[in-house]
Structures are given as C-alpha cells and as structure tokens.
Amino acid sequence: MKKILIPVYCFFVLTLCSCALFGPPPDQSKFYILYPVKHDDLAKPSKKICVNLLPVAAPPYMVGRQIVSLESRGILNISEFHRWGESPTDGISRVIAENLSRINPDIEVFDYPAVSFSENAISLRVIVNECIGVLGDKLVLTATWQISSSPSNYNDSGKFRLELPIKGSDYSAYVSTMSDA
C-alpha cells in the first residue's frame, strides 16, 4: 500500500508545483474611457436649456468592450487586450452630457433614462454612423443629430463628418483622438 501512496503523493506534489511555476500569464488588458473636451473649446448659449439626451445609436462594431480599429480598407482589427472601461455608447452619452453641462451652468442635461418634463425641454439624439480609424493614420467620425421640442414643434437634424489625424500608433492615441472627435 505504501508503494502505491508514494507515487500518488509525488504526482500531486509535482502537479501543485507545476501550477505554481507555470500559472496563467499576467493579464495584459488595458481599459480606456472617452473624456470630455476642455470647456474653453465650446460655445456658450444665451438662456437656460433643459436637454433630454436620448440613447446614442452606434454601429454593431462599437457595441462590444473590445476596441475596434481598421487594419486596412474594410478589415476590422478587434484588440484582444485593449478594451473599453464602459460601453462605447454609454461613454459617448456621458461625454456629450458633460460637454453640454460644461458649456454653461444654465444647461441642464438629463441623460436617458432620466428626463426633464419642463415645457422648454428639447430632446437630442445622436446616431453614430461610423467612428473608426487606422492606428497611426486617421480617425473618421460620421454622425447624425436630431433635435426636437414638443411645445414649439421645432425639429431639426443634421449630419457631420470629421477626419482627425491619430497622433501615435498605439491605442492611447487612438482613444485620445476619439475623445477629441
């Protein structure tokens, strides 16, 4: 019986040692968030405004937590270790709300699901059609915005396109450029 227990004991000791020596590799993941622009860069409104910020819509490649860039025309690069610290659409909503609030203390932003029932409240919806680029090259952002106000039946919408150079070939520069957009 002792002859059987000694090899079994040695097997367990070797197994435990190999787990300690050859454990999983360290996590190399990095997490990023978008950040608002400096308040000096924004225009100032002339009166108190309540803004109901509706959920941001984005393309499917922006829904996940992994940061997506382009390798070449039409080929997506999904980063294994560079990830968003929050959902990209939540990050865009947060940054829009912060930027609007920084313009003037008289702008009150209600980020969905919060809403203002004020008569003068306007609703803002942002639809990101494209926000992607090649590391070290440029980022392209195309989006549509829609503004509506119930009491005055005011409705307006527009589209914009930005192309910004990415000042670096790493993901920090990529996220910084996305925040600037």
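Residues numbered from 1 in each chain as written. Predicted model: local features only at pLDDT ≥ 70, side-chain atom pairs only at ≥ 80, totals over all residues. Heavy atoms only, no water.

Would you mind showing me how to read helix α2 (residues 88-103) here?
Residues three or four positions apart in an α-helix share a direction because the helix packs 3.6 residues into each turn. Over its 16 residues, α2 runs 23 Å from end to end, which matches the ideal 22 Å to within 8%, given 1.5 Å per residue. Those residues of α2 not exposed but buried are Pro88, Thr89, Gly91, Ile92, Ser93, Val95, Ile96, Ala97, Asn99, Leu100 and Ile103. Contacts made by the buried residues of α2 are with β2 (49-53), β4 (75-84), β5 (107-111) and β6 (122-133). (Helix = DSSP H or I, 4+ residues; strand = E, 2+ residues; numbered from the N terminus. Expected span 1.5 Å × (residues − 1). Buried < 20%, exposed > 50% of the residue type's maximum accessible area, 1.4 Å probe, protein only. Contact = heavy atoms within 4.5 Å.)

Help me understand the environment of Leu76 in this model?
Secondary-structure assignment places Leu76 in strand β4. Non-local contacts of Leu76, meaning those with residues more than four positions away in its chain, are made with Tyr61, Val68, Ser69, Leu70 and Ile132.

How should I be thinking about the sheet that holds β5 in this particular structure?
Within a sheet, adjacent strands bond to each other through the backbone by hydrogen bonds, running parallel or antiparallel. The sheet built from five strands is open, its strands ordered β5-β2-β6-β7-β8 with mixed pairing. Two strands bound the open sheet, and with one partner strand each, they are β5 and β8 (154-165). In this sheet, neighbouring strand axes are inclined to one another by 25° on average, regardless of whether the strands run parallel or antiparallel. Two strands pair when backbone bridges link them, and β2 and β5 are joined in this way by five bridges, in the parallel orientation. Across the sheet, residue Asn52 finds its bridge partner in β5, namely Phe110. Against the sheet, α2 touches β2, β5 and β6, its axis set at about 165° to β5. Strands in contact with helix α3 (residues 171-180) are β6, β7 (138-149) and β8; relative to β6, the strand with the most contacts, it is inclined by about 150°. (Pairing = 2+ DSSP bridges. Axes fitted to C-alpha atoms, helices over the stretch in contact; angles between N-to-C directions.)

How should I be thinking about the confidence of the model for the protein in this particular structure?
Atomic detail in the predicted coordinates should be set aside for any region of low pLDDT. Of all residues in the protein, 80% attain a pLDDT of 70 or more, and the chain-wide mean is 83. Confidence, read as mean pLDDT per element, is least for helix α1 (residues 2-21) in the protein (62) and greatest for β6 (93). (pLDDT = per-residue confidence, 0-100.)

Looking at this structure, how should I read the nonpolar core?
In a soluble, globular protein the nonpolar side chains are often hidden away together inside. Counting residues in each nonpolar core, the largest one holds 30 residues, and the members touching the most others are Ile96, Leu100, Val128, Tyr174 and Met178. If you list the elements that add at least two residues to this core, you get β2, β3 (66-72), α2, β5, β6, β7 and α3. With six residues, α2 is the largest single contributor of residues to this core. Look past the residues within four positions of Tyr174 in its chain and what remains in contact with it is Ile67, Val68, Ser69, Cys131, Ile132, Gly133, Leu135, Leu139 and Ile166. (Core = buried A, V, L, I, M, F, W, Y, C linked by side-chain atoms within 4.5 Å.)

Would you take a moment to explain the layout of surface pockets for this structure?
Rolled over the atoms, a probe as big as a water molecule pinpoints where empty space is left. Roughly 240 Å³ of volume is contained in the second largest pocket. Lining the second largest pocket are 13 residues, with Leu70, Arg73, Val134, Lys138 and Val140 positioned closest to its centre. Of all the elements in the fold, those that place two or more residues in the lining of the second largest pocket are β3, β6, β7 and β8. Sorting elements by how many residues they give to the lining of the second largest pocket places β6 first, with three residues. Per-class residue counts for the lining of the second largest pocket are four nonpolar, three polar and six charged. (1 Å grid on protein atoms, 1.4 Å probe; cavity = no way out; pocket = protein on both sides within 12 Å on 5 of 7 lines; lining within 4 Å. Points joined across faces, edges and corners; volume = space filled by probe spheres on them. Nonpolar A, V, L, I, M, F, W, Y, C, P; charged D, E, K, R; others polar.)

Please explain α3 as it appears in this structure.
Most of α3 sits out of view: seven of its 10 residues are buried. All buried positions along α3 are accounted for by Tyr171, Ala173, Tyr174, Val175, Thr177, Met178 and Ser179. Check the buried side of α3 and you find it contacts β1 (30-32), β3, β4, β6, β7 and β8.

Help me out: how do you make sense of the sheet that holds β4 in this one?
Reading across from one edge, β1-β4-β3 is the order of the three strands in this open sheet, with mixed pairing throughout. In this open sheet, the two strands that pair with only one neighbour each are β1 and β3. The average angle at which neighbouring strand axes cross in this sheet is 55°, direction not considered. Where β3 and β4 come together, five bridges link them in antiparallel fashion. When the sheet's bridge partners are listed, Ser72 is paired in β4 with Ile75. Helix-sheet contacts for α3 involve β1, β3 and β4, and the interaxial angle to β3 is about 100°.

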